[in-house]
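# Observations on the model geometry
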Amino acid sequence: MAREAGRVDDVQADLAGLRDLARRLPELSAFLTDYMIPPDQRIDLLKTLFEKRLDALTYRFLMFLEERHQMRMLEPMADFFGELRDQERGIVKAKITAARPLSAEQIDALRKNLETKLQKRISAEAATDPALLGGFTVRIGDVIYNSSTAHQLDTFKQKLITA
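Here we summarise the structure given alongside this text. (Residues numbered from 1 in each chain as written. Predicted model: local features only at pLDDT ≥ 70, side-chain atom pairs only at ≥ 80, totals over all residues. Heavy atoms only, no water.)

Looking now at the side chain of Thr97. Of note, Thr97 is situated in strand β1 (residues 91-98). Owing to a relative accessible area of 13%, Thr97 belongs among the buried residues under this scheme. Not counting chain neighbours up to four residues away, the residues in contact with Thr97 comprise Ala127, Thr128, Asp129, Leu132, Gly135, Phe136 and Thr137. (Helix = DSSP H or I, 4+ residues; strand = E, 2+ residues; numbered from the N terminus. Buried < 20%, exposed > 50% of the residue type's maximum accessible area, 1.4 Å probe, protein only. Contact = heavy atoms within 4.5 Å.)

The structure is reproduced here in structure tokens:
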């Protein structure tokens, strides 16, 4: 429906915003999944909070989840909608994990390098893991490119053992 209406980006932004808000505010997350609150009060509060702030399609989807007592599915559905949108646009997600925080320039350079190598548009997400010792890993789907110092040391160790 969002695609036909030309509002995919609006709905995606709304869903991501709702997901992030529920993650930041435990009270909201608790409210959304607590069906002990009378339905009339829940609907009134949802209407007050979201009807004027969300795209009409997003609001209708939110109310659909409410009617079905499936608000717990809001976060995974928001994630899935974003994945579908990216997939439709040919965007691949890459998780870049480094031993130390990477600068925006470093992340952008890695992203561009991956785009050239894979011939796909890349959306990069950065993380840190001191256990890598140095270097970085890149995870795209089920594939991991490992250029970490820890991996290189493990490889060297295995070569010494088998030599």
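That shown, we press on.
Among the nonpolar cores identified, the biggest contains 18 residues, and Leu32, Leu46, Phe50, Leu62 and Leu74 are the most heavily contacted of them. For this core, the element with the highest residue contribution is helix α5 (residues 56-67), accounting for five residues. With sequence-adjacent residues up to four places away left out, Leu32 is seen in contact with Ala22, Arg42, Leu46, Met71 and Leu74. (Core = buried A, V, L, I, M, F, W, Y, C linked by side-chain atoms within 4.5 Å.)

Moving on, we get to the sheet that holds strand β4 (residues 143-148). Reading across the sheet, the four strands line up as β2-β1-β3-β4 and stay open at both edges, with mixed pairing between neighbours. Strands at the two margins of the open sheet, each flanked by one partner only, are β2 (121-128) and β4. Each adjacent strand pair in this sheet contributes to an overall mean axis angle of 20 degrees, direction not counted. Judged from the six bridges that link them, strand β3 (residues 135-140) and β4 form a sheet pairing that is antiparallel. Counted as the bridge partner of Gly135 is Ser148 from β4. Its contacts with the sheet put helix α8 (residues 149-162) on β3 and β4, and the angle it makes with β4 is roughly 85 degrees. (Pairing = 2+ DSSP bridges. Axes fitted to C-alpha atoms, helices over the stretch in contact; angles between N-to-C directions.)

The backbone of Gln119 sits at a positive phi, close to 55 degrees, despite the residue not being glycine. Of note, Gln119 is situated in the loop between α7 (104-118) and β2. Note on Gln119: relative accessible area 65%, which makes it exposed. Non-glycine residue Leu133 carries a positive phi angle of around 70 degrees. Here Leu133 is to be found in the loop between β2 and β3.

On to the pattern of salt bridges. This model, assessed by the stated rule, comprises 13 salt bridges. The closest approach of N and O atoms between Asp9 and Arg89, which form a salt bridge, is 2.7 Å. Separated by 80 residues along the polypeptide, Asp9 in helix α2 (residues 8-24) and Arg89 in the loop between α6 (74-88) and β1 bring together distant segments of the chain. Taking relative accessible area as the criterion, Arg89 reaches 36% and is therefore assigned partly exposed. Note that Glu115 is salt-bridged to Arg111, the shortest N-O span being 2.9 Å. Taken together, the positions of Glu115 and Arg111, both in helix α7 and four residues apart, correspond to about one turn of that helix. Overall, Glu115 belongs to the partly exposed group, its relative accessible area being 22%. (Salt bridge = Lys/Arg side-chain N within 4 Å of Asp/Glu carboxyl O.)

Contact pair helix α4 (residues 39-50) / α5: the axes reach a minimum separation of 11 Å and the direction vectors enclose 160 degrees. With respect to α5, the element α4 is oriented roughly antiparallel. In this structure, α4 crosses over α5, and the sense of that crossing is right-handed. Mapping the contact onto sequence places Arg42, Ile43, Leu46, Lys47 and Phe50 in α4 and Tyr59, Leu62, Met63 and Glu66 in α5. (Parallel < 35°, antiparallel > 145°, perpendicular 65-115°, else oblique. Left-handed = near helix turned anticlockwise from the far one by under 90°.)

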